[in-house]
Amino acid sequence: MLISVTAYNVIMDSLITMFLRKSENLEELLINDQHMIPTVTTFLNAMPGITKLKTLRVKFWNYRIFTNSNIMELINALTPQVCPHLRQLDIKSYLPSDVSDALVNIIKSHKKLEKIELDTYITARSTKSVVVYNISDRASEKNVKDFFLFCGHISEFKIIMNENESKQIAFITFKRETAAETALMLTNAIIGDSQIIVKPLDDINHIYSKIFPVLKYVGNSLKELTLRYMDFSKISPDNIGPYLPTTLTFLGLYTDFNNEDFETFVKYCGKFVDLKTLNIKRLNT
């Protein structure tokens with residue numbers, strides 16, 4: 001029996017509404033599928049709903065989610081009046097390119113946030129190019145190119161050896177944007193004997209540069225901050241201040257940390273706060 005998309009959304013909204021009305025002590029909400037994101041009115045109208053929510057986790061990586069406007073609407077709707085006890089924000093998902101303002105607003109408004117973890121890719125619909133990390137040195141140029149031909153026609157292709165480790169990096173430009181979108185879905189794929197990492201060539205997840213200045217609104221309540229694939233060159237020393245948490249965690253490639261930009265960042269952090277924990281987790285092992 002086939003169910004139309006409209007009927008499916010109505011059923012999901014009804015089930016989520018029923019759940020929210022029955023959950024008087026809901027403290028943690030995990031959304032791990034785009035179809036589990038109800039309309040904002042569902043959250044606002046279902047009481048007690050999320051009035052006692054402490055932790056919000058959004059975790060799904062399906063790239064074909066259009067603008068994913070429901071995430072934007074949800075984040076914008078999570079005001080202190082709706083969920084006054086929010087303490088932890090954990091978002092791992094593709095997000096629309098204008099999400100930075102929504103993230104800034106939720107951090108500014110919830111002054112008792114204790115932990116923020118962001119692992120995001122921003123949807124860049126205009127790009128046709130991707131960069132592929134962590135390719136096994138056993139993989140030939142032909143094998144890598146043939147692998148990505150599955151996504152669509154390739155107009156430019158270049159593969160180089162990373163001098164700092166025995167891995168290769170490929171720069172690929174497709175003839176169509178949809179091919180690049182398909183390639184970005186292959187993050188869990190394996191070429192040779194290692195799992196690849198695919199990112200937009202013009203990596204615009206520098207929304208992180210907007211996050212640091214607004215940490216002052218959270219003040220001393222923020223204890224932990226975790227960011228993935230951060231471009232330290234886009235973080236101005238002027239953005240780093242005394243409101244950093246004492247526990248910082250960065251996840252990324254070897255090259256993300258083996259450069260002067262990262263060293264400069266850490267030096268400035270040490271000037272403002274006494275870092276108790278600095279976790280560096282390299283993901284291309």
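Conventions and cut-offs
- Residues numbered from 1 in each chain as written.
- Predicted model: local features only at pLDDT ≥ 70, side-chain atom pairs only at ≥ 80, totals over all residues.
- Heavy atoms only, no water.
- Salt bridge = Lys/Arg side-chain N within 4 Å of Asp/Glu carboxyl O.
- Helix = DSSP H or I, 4+ residues; strand = E, 2+ residues; numbered from the N terminus.
- Buried < 20%, exposed > 50% of the residue type's maximum accessible area, 1.4 Å probe, protein only.
- Pairing = 2+ DSSP bridges.
- Contact = heavy atoms within 4.5 Å.
- Expected span 1.5 Å × (residues − 1).
- Arc of directions from axis to C-beta.

By the naming in an unreviewed UniProt entry, the protein chain goes by RRM domain-containing protein and is assigned to Gigaspora rosea.

A. Fine view of the pattern of salt bridges. Applying the stated criterion across every chain, the model contains five salt bridges. Lys142 is the partner of Asp146 in a salt bridge, and the nearest nitrogen-oxygen pair spans 2.7 Å. In this pair, Asp146 and Lys142 both sit in helix H5 (residues 141-149), four residues apart, roughly one turn of the helix. In this structure, a network of salt bridges that share partners links the residues Glu28, Arg57 and Asp90.

B. The arrangement of the pairing of strand S12 (residues 247-252) in detail. The buried fraction of S12 is high, at six of six residues. Of the two faces of S12, the one holding Thr247, Thr249 and Leu251 and the one holding Leu248, Phe250 and Gly252 are both buried throughout. Bridging between strand S11 (residues 224-228) and S12 involves five bridges; their strand directions are parallel. Counted as the bridge partner of Arg228 is Leu251 from S12. Sheet topology note: the S12/strand S13 (residues 277-282) ladder contains six bridges and is parallel.

C. Quick peek at the environment of Ser166. Note on placement: Ser166 falls in the loop between strand S6 (154-162) and strand S7 (167-174). Assessed through its relative accessible area of 45%, Ser166 is described here as partly exposed. As a C-alpha pair, Ser166 and Arg138 span 28 residues in sequence and 9.3 Å in three-dimensional space. Non-local contacts of Ser166, meaning those with residues more than four positions away in its chain, are made with Asp137 and Met161.

D. Spatial organisation of helix H9 (residues 260-272). With 13 residues, H9 extends 19 Å from end C-alpha to end C-alpha; this agrees with the ideal 18 Å at 1.5 Å per step. When we look at burial in H9, the residues that qualify are Phe262, Phe265 and Cys269. Looking straight down H9, one finds its buried side chains confined to an arc of 60°; they lie on one side. Summarising the geometry of H9, the exposed residues directed more than 90 degrees from the buried face are Glu260, Glu263 and Lys271.

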